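# Commentary on secondary and tertiary structure
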Amino acid sequence: MTERITIIGGGILGSMIAWRLAERGASVTVLDGGAAYEQASEGSLCWLNVASCADEAYATFRISSVRLWHEIAAGAPDCPVRFTGSLVWTGDASASDGQIALMERLGWPVQGLERADLQRLFPGARDLPDHALLAPEEGVAHPGQIVGWARARAAAAGATFIEANVAELVIASGGVA
C-alpha cells in the first residue's frame with residue numbers, strides 16, 4: 001500500500017521532503033498558504049556555512065547540513081546551490097587559532113589567512129582584517145531558487161501542491177482529518 005503523506009508548508013524543507021518522499025513512491029500532498037518560500041524560507045539567508053560557528057554542537061549540525069547539500073548537488077547538477085567558499089573575519093590571532101582548532105577537530109577544512117594573504121587575494125581592498133578564515137567548501141543558495149527547484153522535482157516525482165492555509169488539525173481514526 002502506498003504511504004499517503006501530507007506536508008504543511010512548501011518552503012525549502014517542505015519541498016525538499018516532498019521531493020524525496022515522492023521519489024521513494026509515497027503519495028505526497030503539500031499544503032502551502034502562500035507563494036512558495038514567503039514564510040520561514042524567505043527569512044533564510046541560505047548561507048551554507050560552518051566556519052563562523054563557535055558552538056561545537058551547532059557547528060557539527062551545520063557540517064552535516066552543508067555535506068548533505070554537497071551530496072544533493074553532486075547527484076543533481078542543476079541544483080541551484082553554489083559552493084564558492086567563504087571568508088570569515090576573525091579579528092585577532094587567538095580567535096583565528098581557536099576557530100581553526102575547532103574546525104580541525106570537527107574535520108571541517110579551513111585555512112587561516114593573514115592581512116598579507118588577504119591583500120594578495122583582494123588587491124585594492126580596504127579595511128582588511130589582520131586575520132581571517134577561508135572555508136573552501138561553504139556556499140550559498142537563494143531561497144526562492146531552491147524552493148522552485150525542489151518543487152519542480154517533487155511535482156515531477158508525483159507530489160501535489162495545494163495552496164491552502166491550515167488553521168487546525170483534527171486527529172480522527174488514527175489519522176489527521
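Presented here is an overview of the structure given in this document. (Residues numbered from 1 in each chain as written. Predicted model: local features only at pLDDT ≥ 70, side-chain atom pairs only at ≥ 80, totals over all residues. Heavy atoms only, no water.)

All right, on to the sheet that holds strand 6 (residues 111-114) then. Overall, antiparallel pairing links the three strands, which are arranged 5-7-6 in an open sheet. Of all the strands in the sheet, just strand 5 (86-89) and strand 6 have a single pairing partner and so form its edges. In this sheet, adjacent strand axes meet at a mean angle of 30° when their direction is disregarded. Across the sheet, helix 3 (residues 93-106) touches strand 6 and strand 7 (131-135), and the angle it forms with strand 7 is around 25°. (Pairing = 2+ DSSP bridges. Helix = DSSP H or I, 4+ residues; strand = E, 2+ residues; numbered from the N terminus. Axes fitted to C-alpha atoms, helices over the stretch in contact; angles between N-to-C directions. Contact = heavy atoms within 4.5 Å.)

Running from amino to carboxyl end, helix 2 (residues 56-75) crosses helix 3 at an angle of 55°, the nearest separation of the two axes being 11 Å. In terms of their interaxial angle, helix 2 and helix 3 are classed as oblique. For the element pair helix 2 and helix 3, the recorded crossing hand is right-handed. Where helix 2 abuts helix 3, its residues E56, A59, T60 and I63 lie against L102, M103, R105 and L106. Along the lines of polarity and charge, the residues of the contact of helix 2 with helix 3 split into five nonpolar, one polar and two charged. (Parallel < 35°, antiparallel > 145°, perpendicular 65-115°, else oblique. Left-handed = near helix turned anticlockwise from the far one by under 90°. Nonpolar A, V, L, I, M, F, W, Y, C, P; charged D, E, K, R; others polar.)

As a further point, take the packing of aromatic side chains. Taken as a whole and judged by the stated rule, the model has two aromatic pairs. Measuring from ring centre to ring centre gives 5.1 Å for W19 and W149, while their planes differ by 75°; the resulting arrangement is edge-to-face. Here W149 lies in helix 5 (residues 143-156) and W19 lies in helix 1 (residues 12-23), a separation of 130 residues in the sequence. Residue classification places W149 among the buried positions, given a relative accessible area of 9%. For the pair Y58 and F61, a centre-to-centre distance of 6.2 Å together with 10° between the ring planes defines the contact as stacked. With Y58 and F61 both in helix 2, this residue pair falls three residues apart, about one helical turn. When the ring centre of W19 is taken as reference, the NZ or CZ atom of R20 above it lies at 4.2 Å. (Phe/Tyr/Trp six-rings, centres within 6.5 Å; stacked < 30°, edge-to-face > 60°. Buried < 20%, exposed > 50% of the residue type's maximum accessible area, 1.4 Å probe, protein only. Lys NZ or Arg CZ within 6 Å of the ring centre and 35° of its normal.)

All right, on to the pattern of salt bridges then. When the charged atoms of two side chains lie near each other, side chains of opposite charge can form a pair. Taken as a whole, this structure holds six salt bridges when the rule is applied. Notably, a salt bridge pairs E23 with R20, separated by 3.2 Å at the nearest N-O pair. A residue pair is termed a helical-turn pair when its members lie 3 or 4 positions apart in one helix, as E23 and R20 do in helix 1 at three residues. You can call E23 partly exposed: its relative accessible area is 42%. Across the pair R24 and E23 runs a salt bridge whose closest N-O atoms are separated by 3.9 Å. Relative accessible area serves as the criterion here: at 62%, R24 is assigned to the exposed category. Here the salt bridges do not stand alone but share partners, grouping R20, E23 and R24 into one network. (Salt bridge = Lys/Arg side-chain N within 4 Å of Asp/Glu carboxyl O.)

Topologically, L48 is positioned in strand 3 (residues 47-48). Classification of L48 by relative accessible area gives buried; the value is 8%. Through-space distance from the C-alpha of L48 to that of F83 is 8.3 Å; in sequence the pair is 35 residues apart. For L48, the contacting residues outside a window of four places in its chain are V66, W69, V81, F83, E138, G139 and V140.

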